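# Chains, contacts and geometry: an overview
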Amino acid sequence: MTERPAQRVPNRQLAALIAEAGFSNAGLARRVDQLGLEHGLDLRYDKTSVTRWLRGQQPRGTTPALIAEVFTRRLGRRLSAQDLGLDACAPVYAGLEFAATPEEAVDIASGLWRKDSGSHAELRKIAFTPAGLVVPSRDWLIGRADERVGRGADPAAARVPLQGRTSVPRQRQIDRGPGQRVTSGDIAALRSVSELFRTLDHTYGGGHARQALVRYLEHEAEPMLRGTYGETTGRRLFAAAADLTRLAGWTSYDIAAHGLAQRYFVQALRLAQAAADRPYGSYVLVTMSRQAVYLGHGREAVQLARVAQQGVGSGPPPVVQALLHSAEARGHAVMGEVRAATASLVRAERALGAARAGDDVPHWARAFDEGQLADEFGHCHRDLQQYRASAQHAERSLQLRAPGFARSRLFCRVVLATARLGLGELDQACALGAEAAQQAMEMRSVRAVEYVRDFERRLEPYRDAEAVRTYRDRVAALS
């Protein structure tokens, strides 16, 4: 890394904090490099670099923010670059931090929303980093719900009877400003908007309305989080914000902005902790696990699914347990671990079989039914090259899943096409693949396109077959 010319004044602030933290120069450099890896950066600092900083040289780029984060973790209090005598630089790669307080969580999440709502194309190019999964999942697992999340609420005023008030209540302003009281209606609106964007995502792909969702978070959710609310309302508000933030990450994942999606998921996890909603936190971890599977990081996917299971224990309803076990199965399958994947699938099937109509199932788990479980089976058996079983489960999923889950059905159709190909049924495979390719053209989903491309790569050994030539002609006619 290139450094700025040396200053004449030694950095006594940094020296004092190094002594307080008990770091050696080499130890500090190593920790900065490790934190850089969590953020997808290859820094390669050493003890000589730290010596230069102590002499007054200023590290470039996001390094000051990374150094401050190293000391924050070590000393247990929030420190900025200025506290270390370093020039502040906006941490472009911020978002993987698991905030220490609800206030800090709001600052980090809202900063991410604001950057993403603008024309910050570099955010969508940030790389996914498996190392960045470790600290947030660990902090969530060992962490507890925040003791207080309320802001500016005056419980005494709320207890004054209406007839005892001498002032006339103010009319509620249309434009929300800082400090405005958050109501149950506000939270209901957040929930309704979340369902709207979720439906658009399922049907048309993550790229269809992603930017509108991010702007909604910036212009509606952030002012609410910075408004006035009591403890109960605050928990519900953080829960709704976590749901919208996870969805923003999910839509980012669907357009292949994987580093950005990873940061949204981490912040959704932290907001869920502020909401005191452990089950939803487990769902966010499952989402992170699915992204890891998609990117081929099977071991990390398994670890995330297991952290989710450990974090909620045996208390969740059977449907949630089935969802968690199926996520673990996908991680095992992508690594080719037949016995472990099969065991997880069996646990998922048993859990779903124990579900009853009267169970209190959270809204985010209600879509996990027999059709979705069959889809998970189909994917796992495909990855394990057990094509006959994959075809059977994929066909069952397509029969059971509602048409509204258009993208999921597309994925399942490609899985079925791949299974048919693996069984030597080339004509059927190509017909199914062509249907999926047509559907992918109608969506704004990079994942949908990648599913089709993966199938086409598998067709390469048969490229001279008539069925494959017909397939290519059909797909070419779509563009």
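These numbers come from a predicted model, not from an experiment.

### Brief notes about the overall build of the protein
- Counting secondary structure elements, the protein contains 21 helices and 0 strands.
- Compactness check: the protein gives a C-alpha radius of gyration of 25 Å against a globular reference of 23 Å for 479 residues, within 12% of the reference.
- Its C-alpha atoms give the protein principal-axis dimensions of roughly 75 × 70 × 45 Å.
- Counting only contacts in the protein whose residues sit at least 6 apart along the sequence, the fraction spanning at least 24 positions is 74%.
- A total accessible area of about 22,200 Å² is found for the protein, and carbon and sulfur atoms account for 50% of it.
- Once the 65 positive and 53 negative side-chain charges of the protein are each reduced to a mean point, those two points are 4 Å apart.

### Topic: unusual backbone geometry
- Residues other than glycine seldom take positive phi values, yet Ala256 does so here, at roughly 70°.
- On the secondary structure map, Ala256 appears in the loop between α10 (231-254) and α11 (258-274).
- Taking the relative accessible area as the measure of exposure, Ala256 reaches 35% and is therefore partly exposed.
- At Ala276, a residue that is not glycine, the phi angle is positive and equals roughly 60°.
- In this structure, Ala276 sits in the loop between α11 and α12 (278-294).
- Note on Ala276: relative accessible area 44%, which makes it partly exposed.

### A word on the packing of aromatic side chains
- Using the criterion set out here, one finds 9 aromatic pairs in the structure.
- Ring geometry for Tyr45 versus Trp53: centroids 5.1 Å apart, planes at 70°, classification edge-to-face.
- Accessibility expressed as a relative area gives 0% for Trp53, which makes it buried.
- Ring geometry for Trp250 against Tyr253: centres 5.2 Å apart, planes inclined by 75°, an arrangement best described as edge-to-face. Of the two residues, Trp250 and Tyr253 both sit in helix α10, 3 residues apart, roughly one turn of that helix. As far as the burial class goes, Trp250 and Tyr253 line up, both buried.
- Members of the aromatic cluster, joined through ring pairs, are Trp250, Tyr253 and Tyr294.
- Here the basic side chain of Arg278 rests over the ring of Trp140, its NZ or CZ set 3.9 Å away from the ring centre.
- Looking at Arg447, its charged tip hangs above the ring of Tyr253, at a distance of 4.4 Å from the centre.

About the thresholds
Residues numbered from 1 in each chain as written. Predicted model: local features only at pLDDT ≥ 70, side-chain atom pairs only at ≥ 80, totals over all residues. Heavy atoms only, no water. Helix = DSSP H or I, 4+ residues; strand = E, 2+ residues; numbered from the N terminus. Rg over C-alpha atoms; globule rule 2.2 N^0.38 Å. Contact = heavy atoms within 4.5 Å. Areas by Shrake-Rupley, 256 points an atom, 1.4 Å probe, with all protein chains shown as cover. Lys, Arg positive; Asp, Glu negative; His and termini not counted. Charge placed at Lys NZ, Arg CZ, Asp CG, Glu CD. Buried < 20%, exposed > 50% of the residue type's maximum accessible area, 1.4 Å probe, protein only. Phe/Tyr/Trp six-rings, centres within 6.5 Å; stacked < 30°, edge-to-face > 60°. Lys NZ or Arg CZ within 6 Å of the ring centre and 35° of its normal.

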